[in-house]
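One letter stands for each residue in the lines below.
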Amino acid sequence: MGKSRWFGSAVPPGPLDAPAPRSLLVELLTPLRSPLVLVLLGASLVSALTGDRAGALIIGLIVLLSATLDAVQSHRAGRAAASLAARVALTATVLRDGREVEVPVVALKPGDRVLLRAGDWVPADGRLLQTQDFFVNASSLTGEAFPVEKSASTDPDRPLGDEPQAPDAVFMGSSVVSGSAQLRVQRTGVDTAFGRLSSSLSVAPAPTAFDLGTRRFGLLILRLTVLLVLATLLINLMLQRPLLESFLFAVALAVGLTPELLPMIVSVTLARGALRLAAQQVIVKRPSAIQDLGAMDVLCTDKTGTLTQARIRLDRHGDAAGRPAPGVLELAWLNSHFESGLRSPLDDAILEQAPPPWQGWTKVDEVPFDFERRRVSVLLQRDGQRRLIVKGAPEDLLRLCDRVQDGATEPVRALQPQDRLAIGGLLEQLADQGLRVLGIAWREAAPQQSHARVSDESGLVFAGFVAFQDPPRPGAAQALQALGERGVAVKIVTGDNERVTRHLCEQLGLPVQGVLLGSEVAGLADDALQARVASVNLYCRVTPAQKTRILLALKARGRVVGYLGDGINDAPALHAADVGISFAGAVDVARQAADMILLQQDLRVLHAGVLEGRRTFGNVMKYIMMATSSNFGNMASMALAALLLPFMPLLPLQVLLNNLLYDISEIALPLDPVDEADLAAPRRWDMGFVRDFMLAIGPVSSVFDLLTFQLLLHLFGPQPELFRTGWFIESLATQVLVIFVVRTRGAPWRSRTHPALWLSALGVLALAVALPYTPLAPWLGFAPLPPVYFALLALLVPAYLASVEWAKRGFYRRHPAV
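Residues numbered from 1 in each chain as written. Predicted model: local features only at pLDDT ≥ 70, side-chain atom pairs only at ≥ 80, totals over all residues. Heavy atoms only, no water.

Caption draft 1: Region of the structure containing the overall build of the protein. A count of helical and extended segments in the protein gives 29 helices and 23 strands. When contacts within the protein are restricted to residue pairs at least 6 apart in sequence, long-range pairs at least 24 apart make up 73% of them. Total accessible area computed for the protein in this model is approximately 32900 Å², and 60% of it derives from carbon and sulfur atoms. (Helix = DSSP H or I, 4+ residues; strand = E, 2+ residues; numbered from the N terminus. Contact = heavy atoms within 4.5 Å. Areas by Shrake-Rupley, 256 points an atom, 1.4 Å probe, with all protein chains shown as cover.)

Caption draft 2: Main features of the packing of helix α23 (residues 652-665) against helix α27 (residues 755-770). Taken N-terminus to C-terminus, the directions of α23 and α27 make an angle of 155 degrees; their axes are 8 Å apart at the nearest point. When the interaxial angle is binned, α23 and α27 end up roughly antiparallel. On the side of α23, the interface is formed by Leu-661, Ile-664 and Ser-665, while α27 contributes Leu-757, Ser-760, Ala-761, Val-764 and Leu-767. Tallied by class, residues from the contact of α23 with α27 come to six nonpolar, two polar and no charged. (Axes fitted to C-alpha atoms, helices over the stretch in contact; angles between N-to-C directions. Parallel < 35°, antiparallel > 145°, perpendicular 65-115°, else oblique. Nonpolar A, V, L, I, M, F, W, Y, C, P; charged D, E, K, R; others polar.)

Caption draft 3: Structural context of the environment of Gln-359. Note on placement: Gln-359 falls in the loop between α11 (345-351) and β11 (362-370). Expressed as a C-alpha distance, the spacing of Gln-359 and Arg-382, which sit 23 residues apart in the sequence, is 8.9 Å.

Caption draft 4: Expanded view of the pattern of salt bridges. Scanning the entire structure with this criterion turns up 46 salt bridges. For the salt bridge of Arg-559 with Asp-297, the shortest nitrogen-to-oxygen distance reads 3.3 Å. Note that Arg-559 is positioned in the loop between α18 (544-556) and β21 (561-564) and Asp-297 in the loop between α9 (289-295) and β9 (298-301), a separation of 262 residues in sequence. Judged by its relative accessible area of 13%, Asp-297 falls in the buried class. Within this structure, Arg-127, Asp-155, Arg-158 and Asp-168 form a network of salt bridges that share partners. (Salt bridge = Lys/Arg side-chain N within 4 Å of Asp/Glu carboxyl O. Buried < 20%, exposed > 50% of the residue type's maximum accessible area, 1.4 Å probe, protein only.)

Caption draft 5: Region of the structure containing helix α21 (residues 604-627). Compared with an ideal rise of 1.5 Å per residue, which puts 24 residues at 34 Å, α21 spans 36 Å between its outermost C-alpha atoms and is within 8% of the ideal. Of all 24 residues making up α21, 22 are buried, and the element is well covered by its neighbours. (Expected span 1.5 Å × (residues − 1).)

Caption draft 6: A nonpolar patch on the surface, seen in detail. Together, Leu-239, Leu-640, Leu-643, Leu-644 and Leu-706 give the surface a local cluster of nonpolar side chains, amounting to about 420 Å² of exposed area. Residue contributions to the nonpolar patch peak at three residues, all from helix α22 (residues 630-644). Within the fold, Leu-706 resides in helix α24 (residues 687-716). (Patch = residues over 30% accessible without salt bridge, like charges linked within 9 Å, V, L, I, M, F, W, Y side chains within 5 Å.)

Caption draft 7: Structural view of the packing of α24 against helix α25 (residues 720-737). With their axes 10 Å apart at the nearest point, α24 and α25 run at an angle of 145 degrees to one another. The two elements α24 and α25 cross, and the hand of that crossing is right-handed. Between α24, through Phe-704, Asp-705, Thr-708, Phe-709, Leu-712, Leu-713 and Phe-716, and α25, the contact on the second element is made entirely by Leu-722, Phe-723, Gly-726, Trp-727 and Glu-730. Residue classes in the contact of α24 with α25 are distributed as eight nonpolar, two polar and two charged. (Left-handed = near helix turned anticlockwise from the far one by under 90°.)

Caption draft 8: Geometry of the nonpolar core. Judged by nonpolar contacts, the single largest core of 105 residues is most densely connected at Ile-581, Met-596 and Phe-728. No other element matches α24, which puts eleven residues into this core. Val-122, Cys-300, Ile-550 and Ile-568 belong to the second largest nonpolar core, which has 47 residues in total. (Core = buried A, V, L, I, M, F, W, Y, C linked by side-chain atoms within 4.5 Å.)

Caption draft 9: Layout of α27. In this model, α27 (16 residues) spans 22 Å end to end at C-alpha, consistent with the 22 Å of a helix rising 1.5 Å per residue. Among the residues of α27, Leu-757, Ser-760, Ala-761, Val-764, Leu-765 and Ala-768 are the ones counted as buried. With its buried residues spanning 125 degrees around the axis, α27 presents them on a single face. Exposed side chains of α27 directed beyond 90 degrees from the buried face belong to Pro-755 and Leu-759. Packed against the buried residues of α27 are α23, α25 and α26 (739-742). (Arc of directions from axis to C-beta.)

Caption draft 10: Layout of the pairing of strand β3 (residues 113-117). Relative to β3, strand β1 (residues 91-96) runs antiparallel, the two being bridged by three bridges. Bridging from a neighbouring strand, Val-94 pairs with Val-114 of β3. (Pairing = 2+ DSSP bridges.)

Caption draft 11: Seen up close, empty space enclosed by the protein. Enumeration over the complete set of coordinates arrives at five cavities of 30 Å³ or more. In this model, the largest cavity occupies a volume close to 120 Å³. Around the largest cavity sit Gly-618, Met-621, Lys-622, Met-625, Asp-678, Arg-683, Phe-689, Val-742, Arg-743, Thr-744, Arg-745 and Tyr-812, which together line it. With four residues, the single largest contributor to the lining of the largest cavity is α21. When grouped by side-chain class, the residues that make up the lining of the largest cavity number five nonpolar, two polar and five charged. Lining the second largest cavity are Thr-708, Leu-711, Leu-712, Leu-715, Glu-730, Tyr-789, Leu-792, Leu-793 and Leu-796. For the lining of the second largest cavity, the elements supplying multiple residues, two or more each, are α24 and α29 (787-814). (1 Å grid on protein atoms, 1.4 Å probe; cavity = no way out; pocket = protein on both sides within 12 Å on 5 of 7 lines; lining within 4 Å. Points joined across faces, edges and corners; volume = space filled by probe spheres on them.)

Caption draft 12: Spotlight on the side chain of Ser-340. With respect to the element layout, Ser-340 can be found in the loop between α10 (326-338) and α11. Given the relative accessible area of 17%, Ser-340 is considered buried. Polar contacts involving the side chain of Ser-340 include one to the side chain of Glu-366, which spans 2.4 Å. Sequence-distant contacts of Ser-340, that is, excluding residues within four places in its chain, are made with Ala-118, Gln-132, Asp-133, Ser-178, Gly-179, Lys-363 and Glu-366. (Polar contact = N/O pair within 3.5 Å; in protein donor to acceptor, adjacent residues only side chain to side chain.)

Here it is in structure tokens:
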């Protein structure tokens, strides 16, 4: 399933985009919709009506068998992928019979009562029955980037319109920023406002690196096929051969040239890769992401919770001078206790401390956290006194303060320039020690003030700070080193302080090549940012929108980019990357935007995933190398033979049978191991490489085909049945056996081949040799061959394989880095 767009654009991921797995019947009918196959079946029907019923029947059976082979393998692969995706499918908390029950979002129905909390993805349209400081981000529907507060409906049974700005309703595709609510579902799935919008727009997902590669390869094959088929048809018509037979031969040749097995090879290879990753606790939601992971040459990662343990411990707290200050911790505790947004590990660390005497304080209102302000404010009251307590990024908070308090018992005084310098120096010292710091500030509020607003966050009193330790995740250093050795550059993209991040890089052994701050990113145009990202691997104090810009700048430079993150602020970047990776414990919106989910928070499985992606790509490329070299060479020889011989070199049904048996011989290819050289560095589609390989190896096949023509004509003279039988066996033998040469860059005898591939290849070859001696031979146009033919074949095939090996080595000497 392709990636869908949701964050600030038209199509969010989720149940709306998850079609039911296709039935086996639909899979079976899909190959039959191919224009080439339809033309072939139509032509064979005409052939049957004109008297050649046996030939038409055999062609129909061959086409059906080929379609069945493709359908069964693709269906199994699709079911395996769907089963894995279901393990991380989005669920909703629903009240049923007075109990909270987790149900799949696709099982929601009108009338259900859904509980929503900070970090949740809104799974349906409906009106709100209850709310508590409830803020949502509806940017996917409204384009508005900032959270909007929602309140309980006075008439929850009133039918919904399609107005996402309605103050008492929420709509599918929104996400909960803070607070909690109870939603009565009115519309689900495609009946939602979002569902109808998606259907009408039909926005296609942006193509990934793998999609673009397969598209270019398809265009290359299409051009070659059209050229050869038209030339063959024209030659046969010039030689005044039967029109219908010439047409059938040309279409059969086109079928032989088309790598129709490629989708099945890709599907099965990806499914096997997904199953292997699942065994290592990685769930793949989008199968093609495995190949994108293998091609990835840049991994951008958030810092907190990904490279660090997110088991944060409060290290110290202090006033503006750095002296221990219990009053500062009390203010921080009250803020964390009363805020209703998504609670961070920093809040958990604060709340683990012994609670202060907070009885009597009650919450009036709050301004929830957002990633632009980087702070949260709560308005509290006690004994008729109201106070706004603000907690957030200390540098930003300090700019909002005009007073300072040196300890809870000291009087408040004006904040002087020298105070700002001293506090700034203290913050730098803490950051250099790797401590994450939150600033704490407050101000008195009017007794009648009932709402907190962003504008209230000014004229504050700076109380002090709380500082935390967030140690690196175990195994993170080894994982980053292993990725670097495999050609993957790691870049940290975080909203945190650059000094703290530098300290973490030292602990992880990650050299800092360059630092770019969010304030600098904001001042750069897109082309200037593209120039800067090449030399920077540390991006600090960046907003979610800036994270996305950084990833898009890297992609614009031709890099294949992965992103690892688990927070609400990571969702846009997860979606913008070629492959998004998150954790099972991440918030809903992050898991929905990701292509892969790590069930265990161990970065070493990322390295295993990269190798799996390269293994998958290697096996797909094996098939492509054969399709564009030996197979293409044989088909080109067949087109040339139509000009040189006084009869058709093969009957149309023989061409199709040759193609079918060749496909069967390659069915075990997804099981085959790949060489260590194919795992050493990122590999991407390179049509120039494929073309050059075809031009290097294809002519070798054609030369040996022409030599075979001469030998067959010398042995049998102008006897079409013997000629066709001899060439059918030789053509299939060379196509099938050359896989053992092409599948590795090195010597074939030094590279381990999967036993199933040996079995399928040799089994097909044995069947081809036996066919002329079976009762089917007359129906297929074959005739028994004399022993001298097989003696010559035993000399010809090894000579061909040796020549291909020689040409292959010369090719890789000219292309050592590909």
